[in-house]
Amino acid sequence: MSLAPEVLRSAALGDIPHGFLGRSGGVSEGVYAGLNVGLGSDDDREAVMENRRIARDAILPEAELVMVHQVHSPDVIAVTEAIALDARPHADAMVTDRPGLLLGILTADCVPVLFHDASAGVIGAAHAGWKGALGGVTDSTLDAMEKLGAERGNIACAIGPCIAQKSYEVDEGFAQRFMEEDVANERFFGAGKPGHYQFDIEGYVAARLAAAGVTRVDLLGQDTYSQPDRFYSYRRSCHKSEPGYGRQVSLIGIRG
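Residues numbered from 1 in each chain as written. Predicted model: local features only at pLDDT ≥ 70, side-chain atom pairs only at ≥ 80, totals over all residues. Heavy atoms only, no water.

> Would you mind going over the environment of P161 with me for this structure?
Counting through the fold element by element, P161 comes out in the loop between β9 (155-159) and β10 (169-171). With relative accessibility at 4%, the residue P161 sits in the buried group. The sequence separation of P161 and M179 amounts to 18 residues, and the corresponding C-alpha distance is 25 Å. Setting aside chain neighbours within four positions, we find P161 in contact with L8, F20, T107, C110, P112, L220, Q222, T224 and F231. (Helix = DSSP H or I, 4+ residues; strand = E, 2+ residues; numbered from the N terminus. Buried < 20%, exposed > 50% of the residue type's maximum accessible area, 1.4 Å probe, protein only. Contact = heavy atoms within 4.5 Å.)

> Can you walk me through the pairing of strand β6 (residues 101-107) in this structure?
The side chains of a regular strand alternate between the sheet's two faces. With respect to burial, β6 is a largely interior element, seven of its seven residues being buried. Where burial is concerned, the two faces of β6 agree: the one with L101, L103, I105 and T107 and the one with L102, G104 and L106 are both buried. For strand β3 (residues 64-66) and β6, the ladder comprises three bridges, and the chain directions are parallel. Within β6, the position partnered with E64 by the bridge is L101. Bridge analysis of β6 against strand β14 (residues 248-253) gives six bridges, and the strand direction is antiparallel. If you follow L106 over to β14, its bridge partner there is V249. (Pairing = 2+ DSSP bridges.)

> Help me understand the sheet that holds β10, please; the structure alone is not making it clear to me.
Strand pairs in the sheet, formed through backbone hydrogen bonds, run parallel or antiparallel to each other. Read from one edge of the open sheet, three strands run β10-β12-β11, paired in antiparallel fashion. Pairing within the sheet leaves two strands with one partner each, and these edge strands are β10 and β11 (189-191). When the angles between neighbouring strand axes are averaged without regard to direction, this sheet yields 50°. Two strands pair when backbone bridges link them, and β11 and strand β12 (residues 196-199) are joined in this way by three bridges, in the antiparallel orientation. Bridging across to β12, A191 finds its partner in Y197. Each of β10, β11 and β12 is contacted by helix α4 (residues 172-181), which is oriented at about 85° to β10, the strand it contacts most. (Axes fitted to C-alpha atoms, helices over the stretch in contact; angles between N-to-C directions.)

> Looking at this structure, how should I read the environment of G173?
Relative to the elements of secondary structure, G173 occurs in helix α4. Considering only alpha carbons, one finds G173 and A191, 18 residues apart in sequence, at a separation of 14 Å.

Geometric descriptors of this kind do not, in isolation, establish any biological role.
Here is the structure:
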């Protein structure tokens, strides 16, 4: 692993401090080798905490790193100050307009989305697994940003590394959930083996954002599953029967 983390940025978000980090540049070892920031893993806690410091310093040194206890919900919180690790609320998105805070979302195949309204000085970050995406976590994030003064026509979004359609096989029952919500969702399910489909979750999340009135959505198009040297992947770890999997982090903050 290299000493410096790989940081992917989006032109859509401008010069706001942000980045989608992969697994390079961390201190974890074994199946977690690299920049694993997931305390929910069985990785060494001190290694995870050091990785979180490395990640923070790569984006906004000295900022207060804020995270939630992610539960695949559509719930969002407005952050006004640092949150202790043992006091993290159950939610899957955050918004803020406060300088000195760095919002962090953990993923390992799910979709990380970063939001920025440059005019209003409001940012957001969302974790969109299939449950949260279908439940409207991105819509909730936009609503919460508006409460802080943002205008969705001014909000730019970036979708970071996540599992790609070619790597995301689902069964008919899974696909049916989305079809029942909206028959137009059929377009996100490509042909797979009998009784199965290939799901484009990145495209689905982008379409939800566009339907909600976001006019600038940047898709980074990076597949977590097929790039084991760059990203952690829950599904890949399951297919390889590994004893655990790491989580990467996506960050956005406001300079103090």
